[in-house]
Amino acid sequence: MTAKSTISRRQFLSLLLTAIPSAAIAHGVTMEPERLRITRNTLKITGPAVRFVHFSDLHFRGETVLTRKVADEIHRFRPHFACFTGDLIDNADQKEGAFAFIRSLNCPVYGVPGNHDYRSGVPFEEFATAFSSTGGGWLENENLLVPGTGLEVVGLAINGDQTIDPPLSEKRILLTHFPQAVDKIGDATFAAILAGHSHGGQVRLPFYGSLYLPPGVGRYDLGSFQTPAGPLHVTAGIGTSALPVRFCCPPELSLYQS
């Protein structure tokens, strides 16, 4: 972990206020958090063509322009399934709206828990019911085959147990909230590894990068990385945490196609 990833949130705010001109701060507060960026990725597998989407860190706080954009883009892409890598909600009173959003995507959604989901106090049985109702699943150290695709989705919980079950398919995708978990999964390999948690730092300065990164990120702050376990993509996420601010780091929805 780099030195810049260990600053406190108070120091993060102080750096934000001193490093960015007021006009840029206004943009980061009022505009960029709702400017959805679409990234496109190729899934290198054999067999029938597969389409899916990846999103993370929704931090649902009610329907917004942004959540409508996310749902509209997913509907437009018509994926075979969607992958979600944690932090759906912050508090229990947000669960019904968040679960309704997941069900509204009109495709199977496979998800794993994030640290905020644990903190919300909502029993994971309720998450499992919502995700399973889409035809997908809530994966806490579990593997599921995606019907009609030949793909296996493997989901890690964040409780310290990084044991990967024996494969059900040669074509596997790993979902994890913490990007740094990729360094702790032994010799398992995947066609794609999807992670969130970092938010890309939310605020990134040109020629410097992120001002703050939470624990569990390591060197995998944002974007694509080659790892011994396979290609890793760390998304900037959808919502915000700690501060409702983004700068040079808009919300991200990732599209995958083989």
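Quick caveat, the model's predicted, so the values are computed rather than measured.

Draft legend 1. Expanded view of a negative patch on the surface. Together, Glu-125, Glu-140, Glu-142 and Asp-165 give the surface a local cluster of negative charge. Here Asp-165 lies in the loop between strand E7 (151–155) and strand E8 (171–176).

Draft legend 2. Structural view of the sheet that holds E7. Spatially, six strands are ordered E6-E7-E8-E9-E13-E12 in an open sheet, and the strand pairing comes out mixed. Every other strand in the sheet has two partners, leaving strand E6 (142–146) and strand E12 (223–227) as the edge strands with one partner each. If you compare each strand with its neighbour and ignore which way they point, the axes differ by 20° on average. Alignment of strand E9 (residues 192–195) against strand E13 (residues 230–234), held across three bridges, turns out to be parallel. Bridging from a neighbouring strand, Ile-193 pairs with Leu-232 of E13.

Draft legend 3. Focus on the packing of aromatic side chains. Tallied over the entire structure, the rule returns 14 aromatic pairs. For the ring pair Phe-60 and Phe-101, a centre distance of 6.5 Å and an interplane angle of 35° mean the geometry is tilted. On the criterion of sequence distance, the pair formed by Phe-60 in the loop between strand E2 (51–55) and helix H3 (65–77) and Phe-101 in helix H4 (residues 95–103) is long-range, its members being 41 residues apart. Neither residue differs from the other here; Phe-60 and Phe-101 are each classed as buried. Aromatic rings pair up to connect Phe-55, Phe-60, Phe-84, Phe-99, Phe-101, Tyr-118, Phe-124, Phe-127, Phe-131 and Trp-138 into one cluster.

Draft legend 4. Spotlight on the side chain of His-233. Note that His-233 resides in strand E13. Of note is the side chain of His-233, whose polar atom sits 2.9 Å from the side chain of Glu-252. Residues contacting His-233, with those up to four places away along its chain left out, are Thr-39, Asn-41, His-54, Ile-193, Leu-194, Ala-195, Gly-223, Ser-224, Glu-252, Ser-254 and Tyr-256.

Draft legend 5. Focus on the pairing of E12. As paired strands, E12 and E13 are joined by five bridges and run antiparallel to one another. Each bridged residue has a counterpart across the sheet, and for Phe-225 the counterpart in E13 is Leu-232. The loop that links E12 with its antiparallel partner E13 comprises two residues.

Draft legend 6. A look at the sheet that holds strand E5 (residues 137–138). On the basis of which strands lie adjacent, the open sheet formed by six strands has the order E1-E14-E2-E3-E4-E5 and mixed pairing. Of all the strands in the sheet, the pair left with one neighbour each is strand E1 (37–42) and E5. Contacting E1, E2 and strand E14 (252–257), H3 runs over the sheet at an angle of about 10° to E14.

Draft legend 7. How the structure looks around the confidence of the model for the protein chain. For the protein chain, mean pLDDT is 90; residues scoring 70 or higher make up 86% of the total. Note on residues 26–30: pLDDT is under 50 here. Beyond four places in sequence and across chains, it has nine contacts.

Draft legend 8. Local environment of the side chain of Asp-90. When you line up the elements, Asp-90 lands in the loop between strand E3 (81–84) and H4. At a separation of 2.8 Å, a polar atom in the side chain of Asp-90 contacts the side chain of His-59. Of the polar contacts made by the side chain of Asp-90, one reaches the side chain of Arg-61; its length is 2.9 Å. If sequence neighbours within four positions are ignored, Asp-90 has contacts with His-59, Arg-61, His-116 and Ser-120.

Draft legend 9. Main features of H3. With 13 residues, H3 extends 18 Å from end C-alpha to end C-alpha; this agrees with the ideal 18 Å at 1.5 Å per step. Along H3, the residues classified as buried are Leu-66, Thr-67, Val-70, Ala-71, Ile-74 and Phe-77. All buried residues of H3 fall inside an arc of 135° around its axis, so they share one side. More than 90 degrees from the buried face of H3, the exposed residues found are Asp-72 and Arg-76. Those residues of H3 hidden inside the fold are in contact with E1, E2, H4 and E14. Near the N-terminus of H3, the side chain that reaches the backbone nitrogen of Leu-66, with its oxygen 3.2 Å away, is that of Thr-64. Positive phi appears at Arg-78, one or two residues downstream of H3, with a value of about 50°.

Draft legend 10. Structural context of helix H6 (residues 124–132). The set of residues buried in H6 consists of Phe-124, Phe-127, Ala-130 and Phe-131. Buried residues of H6, seen end-on, are gathered within an arc of 115° and therefore sit on one face of the element. Exposed residues pointing more than 90 degrees away from the buried face of H6 are listed as Glu-125 and Thr-129.

Draft legend 11. Highlighting the nonpolar core. By size, the foremost hydrophobic cluster in this structure holds 30 residues, and its most contacted members are Phe-55, Leu-88, Phe-101, Phe-127 and Phe-131. Secondary-structure elements contributing two or more residues to this core are E2, H3, E3, H4, H6 and E14. Tallying contributions element by element places H3 first for this core, with five residues.

How each quantity is defined
Residues numbered from 1 in each chain as written. Predicted model: local features only at pLDDT ≥ 70, side-chain atom pairs only at ≥ 80, totals over all residues. Heavy atoms only, no water. Patch = residues over 30% accessible without salt bridge, like charges linked within 9 Å, V, L, I, M, F, W, Y side chains within 5 Å. Areas by Shrake-Rupley, 256 points an atom, 1.4 Å probe, with all protein chains shown as cover. Salt bridge = Lys/Arg side-chain N within 4 Å of Asp/Glu carboxyl O. Lys, Arg positive; Asp, Glu negative; His and termini not counted. Charge placed at Lys NZ, Arg CZ, Asp CG, Glu CD. Helix = DSSP H or I, 4+ residues; strand = E, 2+ residues; numbered from the N terminus. Pairing = 2+ DSSP bridges. Axes fitted to C-alpha atoms, helices over the stretch in contact; angles between N-to-C directions. Phe/Tyr/Trp six-rings, centres within 6.5 Å; stacked < 30°, edge-to-face > 60°. Buried < 20%, exposed > 50% of the residue type's maximum accessible area, 1.4 Å probe, protein only. Polar contact = N/O pair within 3.5 Å; in protein donor to acceptor, adjacent residues only side chain to side chain. Contact = heavy atoms within 4.5 Å. pLDDT = per-residue confidence, 0-100. Expected span 1.5 Å × (residues − 1). Arc of directions from axis to C-beta. Core = buried A, V, L, I, M, F, W, Y, C linked by side-chain atoms within 4.5 Å.

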